[in-house]
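Here is what each chain is made of, one letter per residue.
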Amino acid sequence: MVLKKKKEIKVDAFFLDGQQLEKLKMFRVSEEQNLASLLLHCAQLSSGIQQIQCIKQIIPLMKKMDQNSASDPMVKACLDILGEIYFTLSVKNPLKKVLQSSLNCLPEQFMTEAVQSFVRCLREELKTTDIYLYRKVLDNLASCMEDFNLGKASIKNLFKEVLQFLQKSLLDIQEENRKNSGNRIVQTQLMHDLLAAIKVSMMLVQKLQENIQGNLWKNPDSLIWQSMCSLLKSSTNFLMDETLLQTVQTTSGLAFILFTKAMYETPEQLPSLVSALLMGSVKDTEIPAWFVGNCGVLCSGKFPDSVLLFLCHGALAMLEWNSGSMGEKGEKLLLDIASVLLSLSTKLKESSMATSLSRILAVWTNSALNALVSCSPDLKINLNGNSDIPGKLLEYVYTHWEHPLDAVRHQTKLIFKNLLWIHQTAINGSDEKSDLFFAGLTKSLLSLEWHVRGKYASLGCLVEFMGTENILQLDRTIPIQILDVMNDQSLAPYASDLLETMFVNHKVHFTSVFQENNWIDQWHDTWISPLLLILCEGNNDQTTYIIDYYLPKLLKCSPDSLNYMMKILQASADANLGSRNRRGALGALMACLRTARAHGHLELSNIMSSGLVSSDCIKQGLVHQHNQVCIDALGLLCETHRSTEIVSIEEMQLIQFFITYNLNNQAPSVRQQICSLLRKLFCRIQESSQVLYKLEQNKNKQELLEDSTKWDPVVTLQQYKVFMSSLCDRLFEALFPGSSHATRFSTLTILGSIAEIFSVQKGQRQVFQLTQEIDSARIQTLLQCLASTFEEVKVLAFELLIKLRDVAFNLQDSENLELLFQVAMDLSTSAKPYDCVTASYLLNFLIHHEELQRICLGKWVQLNSQIDQDQSISTVEKNTLAVIKLLLANVEEEIFQAKKSLLQAAASFPMYGRVHCITGALKQLPLR
């Protein structure tokens, strides 16, 4: 297990200015800790984490003070400084949250003085005139209103000033954005500031709505009323401004409805106003003059479709749908919104708008569900599945359930599911089995082709209402039909999800209806028998996708069904061994066992010792004609859900059996899978051996000896060592001269994994080391692999030799080394490309030997003495330089001799002949 280092949380410390420090020093008491000395100590800390611990001590200290301390000048000064610290800290600084949490527990006697201190600080904040510092003020206002009693009380005291600041900030940011038209970077920042200002304005109205409505209608000429009118007008302008970010427009739609709702003196008339806006039927005589004056552009009914969408969203999000307070007018508005949204679905095709529309339609279905809790009979009639609006929503679902955007598809599924809930609620819980809407919807979905992807998610939703058994009564072949679809990988995930929903629901149904377990045979016949038939006889793609997507889910739902699978498949395994193109019962059995073991549903040792699966049966799978059956059988031995599970002696014997017959597999993908699975086995041996070493060292510790009766650490470790040694013997035997490329690739890859996994690491004992199995003959075998005409074999052999180089060089005497070097040099002059490549691998291997310079000195006159004596240059670098110089010297000698021959031959030819002679001779020279 690897322990990850815990990421440190960075907290910026706060600092006080000189005046603040002097004030604290004046009130500090040296012989005991008071509030001033605690704050002074906190300010002098350079670590934000330490300051957090210090701040947490403030409230406990203040709780110890007596009732008269509230008027103490020291307390007033400290509360002033705490307020200044709070408004100075960034909203993202954890110190701000800690200070806020602490001050929420402030004793009651200090509350009045604390509010006054915060009011003074907040008033200074609201005096900010720099547009680019507005964001800091907005963040502070937002934090004051988020579960912070002191902050909220301060804003109540400065309600008019805060409202005026928000009004001013919206206008200023809008104007600054207009001035910076074309400057994308600045405009983006301003857009986010504008969005923050709108959200803070909404938060203020929501949190302090009573404070607003208590003043608005009493005095329409007040500053509060004027500020609210300004906010309403600004939100209308932002809503209509298509140059702004879509998120700004969307939020403005929410703000518009919220502000209108707060300002309307007769809330029961608000649904009618919103309906009129959406339907374009506003009459000036029916709405207040202040609304026309501030939102006249919306009253005209001439605005873009996107604005209509955002208004619908605002109405759905900001009005109360679950209380029935809006009455019949609210119900009419709900239906009007649905009509508007459905009409927009044919107009708004741009991706972001289509996504927003689908999300808002999903919000509408949630609002409709809430409205049905307490509504009139008419609304229930209008919302049951057989009425007009649900019917159109179903059409929207059918049109968009295969939309290219994931978000739209997800919302479409949610809309469909909510529609089912809406209908069920509208019909007051009538029996879904006999309901015509559910029955018709089920038949309609089942009649669709299975290549329609939206069908799967919709049927899955319907199962939750109808139940799997009721759907199967319409067609018992549904599980087989879905399994047949799984030969297409693009549909396999959808099909497996639907199957999982159905068989889980079916199992729940049976367990609730039947007291005993006598239902399991029927469940097996429905869900497992068709699966086993396809695994035995299906094509390769279909069986692969079923094993990958469906089988793990089935075993997770019913792990005990594995025994049923084994019983059925073993009964027909001898008669149905399979072929090169079909898995047969034996192949299906191997696939089921492998999946079950990989997901922790099976202990291989248990089923082998109990006789449920024999060693001979697994051997048949390991040498099966069908490549995937061989891989599944090997996977059964190598893959487990626990990486430290002990490898049994039976597994080791079966692995040796597999190696004997499968190293020469001609399919590259199968060879890669074999090497990958064996690597997992080696990792398991290595990790379990570390556990065994610990067991051996802690024999007296009962908690570490849970498996001691089953696994003797000393015996098992010795078995590991013998197995790995025997495996390496077999692998090196396979590298005989003339062995195939497939055999060499598999063998060298497996040996490379062994060398890597069982490498010696500091503080660990290794149960096996490949270096201990190496002798000069085996090194020679690996060197011969470098002469292969296949590049990948050369690479694998070279990488393995590099891992074994220390042992390899110790086993080579100087004479053999010189001979090997000479072979490399001779190959480097060959006209055959693969010989030159072999020479390069040989030389790259030899440059790691310390004696190579001496050999090069015998071939070449002199090395650069300065480089030779430089201790900072590694042996590999020196050897590389020596080899390069020697190769260059040989090339220069060849070129000199070629030039000499050319000149001699050319002297006996006339001029024209000399040109052709030289040209022909140059073509014969090897180009390197």
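### Structural notes on the overall build of the protein chain
Secondary structure assignment for the protein chain yields 48 helices and zero strands. Going through the 928 residues of the protein chain one by one, you find that 50% of them count as buried.

### A look at the side chain of E176
In this structure, E176 sits in helix α10 (residues 159-179). The side chain of E176 is buried and forms no salt bridge, while K179, the nearest opposite charge, is found at 4.7 Å. Apart from the residues lying within four places of it in its own chain, the contact partners of E176 are I131, Y132 and L190.

### Let's talk about the nonpolar core
In terms of nonpolar packing, the biggest core is built from 301 residues, with W364, I754 and L770 touching the most fellow members. In terms of residue count, helix α11 (residues 184-207) provides more of this core than any other element does, 13 residues in total.

### Digging into the packing of helix α22 (residues 406-426) against helix α23 (residues 436-447)
As a packed pair, α22 and α23 sit with axes 11 Å apart at the nearest point and diverge in direction by 155°. Here α22 lies roughly antiparallel to α23, going by the angle between them. Across the interface between the two elements, F416, L420, H423 and Q424 of α22 pack against F437, F438, L441 and L445 of α23. Looking at the contact of α22 with α23 residue by residue, the class counts come to six nonpolar, two polar and no charged.

### Points about the packing of helix α1 (residues 18-27) against helix α2 (residues 35-44)
Contact geometry for α1 and α2: axes closest at 8 Å, N-to-C directions at 140°. Classified by the angle their axes make, α1 and α2 are oblique. Two packed elements cross with a definite hand, and for α1 against α2 that hand is left-handed. When α1 is examined against α2, the residues L21, L24, K25 and F27 are found in contact with a partner set consisting of A36, L39, L40 and A43. Class assignment of the residues belonging to the contact of α1 with α2 gives a composition of seven nonpolar, no polar and one charged.

### Details of the packing of aromatic side chains
The final tally for this structure, using the stated rule, is 26 aromatic pairs. Between Y456 and Y494, the ring centres sit 6.4 Å apart and the planes meet at 35°, which makes this aromatic pair tilted. Of this pair, Y456 sits in helix α24 (residues 454-466) while Y494 is found in helix α27 (residues 492-513), placing the two residues 38 residues apart along the sequence. The class of Y494 is partly exposed, set by a relative accessible area of 29%.

### Details of helix α7 (residues 111-125)
Along its 15 residues, α7 runs 21 Å from first to last C-alpha, staying within 8% of the 21 Å computed at 1.5 Å per residue. Of the positions making up α7, those classed as buried are M111, E113, A114, V115, S117, F118, V119, C121, L122 and E125. Against the buried residues of α7 lie α5 (73-88), α6 (94-103), α8 (134-145), α9 (149-157) and α10.

### Some remarks on the state of the cysteines
In this structure the tally under the stated criterion is zero disulfides. Here C42 stays unpaired: no disulfide links it, and the sulfur of C54, its closest cysteine neighbor, is 3.7 Å away.

### Focus: the pattern of salt bridges
Within this structure, the stated rule accounts for 24 salt bridges. Measuring nitrogen to oxygen at the nearest pair gives 2.6 Å for the salt bridge that ties R120 to D80. With R120 in helix α7 and D80 in helix α5, the pair connects residues that are 40 residues apart, well separated along the chain. On the accessibility criterion, D80 (16% relative accessible area) is buried. In this structure, K417 and E464 form a salt bridge, with 3.4 Å as the shortest nitrogen-oxygen distance. One end of the pair, K417, is in helix α22; the other, E464, is in helix α24, and 47 residues separate them in sequence. Bridged by salt links that share partners, the residues R583, R594, D632, E639 and K680 form one connected network.

### Observations concerning the environment of Q673
As for its placement among the helices and strands, Q673 is situated in helix α37 (residues 668-697). On a C-alpha basis, the gap between Q673 and Q628 in space is 9.8 Å, while along the polypeptide they are 45 residues apart. Sequence-distant contacts of Q673, defined by excluding residues within four places in its chain, comprise Q628 and I631.

### Some points on the confidence of the model for the protein chain
In this model, the protein chain carries a mean pLDDT of 86, and residues with pLDDT of at least 70 account for 87%. Below pLDDT 50 for its whole length, residues 1-6 participates in zero contacts with residues either more than four positions away or in separate chains. A low-confidence stretch, residues 905-918 stays under pLDDT 50, and its non-local contacts, those more than four residues away or across chains, total seven contacts.

### Quick word on the environment of L593
By secondary structure assignment, the location of L593 is in helix α32 (residues 584-598). For L593, a relative accessible area of 0% gives the class buried. Each C-alpha atom, one on L593 and one on G635, is 9.3 Å from the other, the two residues being 42 residues apart in sequence. Setting aside its immediate chain neighbours within four residues, L593 contacts M566, L602, I607, V613 and L636.

### A short note on the environment of I631
With respect to the element layout, I631 can be found in helix α35 (residues 627-638). When its relative accessible area of 0% is taken as the criterion, I631 is described as buried. Separated by 46 residues in sequence, I631 and L677 place their C-alpha atoms 8.5 Å apart. Apart from the residues within four sequence positions on either side, I631 is in contact with R594, V670, Q673, I674 and L677.

About the thresholds
- Residues numbered from 1 in each chain as written.
- Predicted model: local features only at pLDDT ≥ 70, side-chain atom pairs only at ≥ 80, totals over all residues.
- Heavy atoms only, no water.
- Helix = DSSP H or I, 4+ residues; strand = E, 2+ residues; numbered from the N terminus.
- Buried < 20%, exposed > 50% of the residue type's maximum accessible area, 1.4 Å probe, protein only.
- Lys, Arg positive; Asp, Glu negative; His and termini not counted.
- Salt bridge = Lys/Arg side-chain N within 4 Å of Asp/Glu carboxyl O.
- Contact = heavy atoms within 4.5 Å.
- Core = buried A, V, L, I, M, F, W, Y, C linked by side-chain atoms within 4.5 Å.
- Axes fitted to C-alpha atoms, helices over the stretch in contact; angles between N-to-C directions.
- Parallel < 35°, antiparallel > 145°, perpendicular 65-115°, else oblique.
- Nonpolar A, V, L, I, M, F, W, Y, C, P; charged D, E, K, R; others polar.
- Left-handed = near helix turned anticlockwise from the far one by under 90°.
- Phe/Tyr/Trp six-rings, centres within 6.5 Å; stacked < 30°, edge-to-face > 60°.
- Expected span 1.5 Å × (residues − 1).
- Disulfide = S-S within 2.5 Å.
- pLDDT = per-residue confidence, 0-100.

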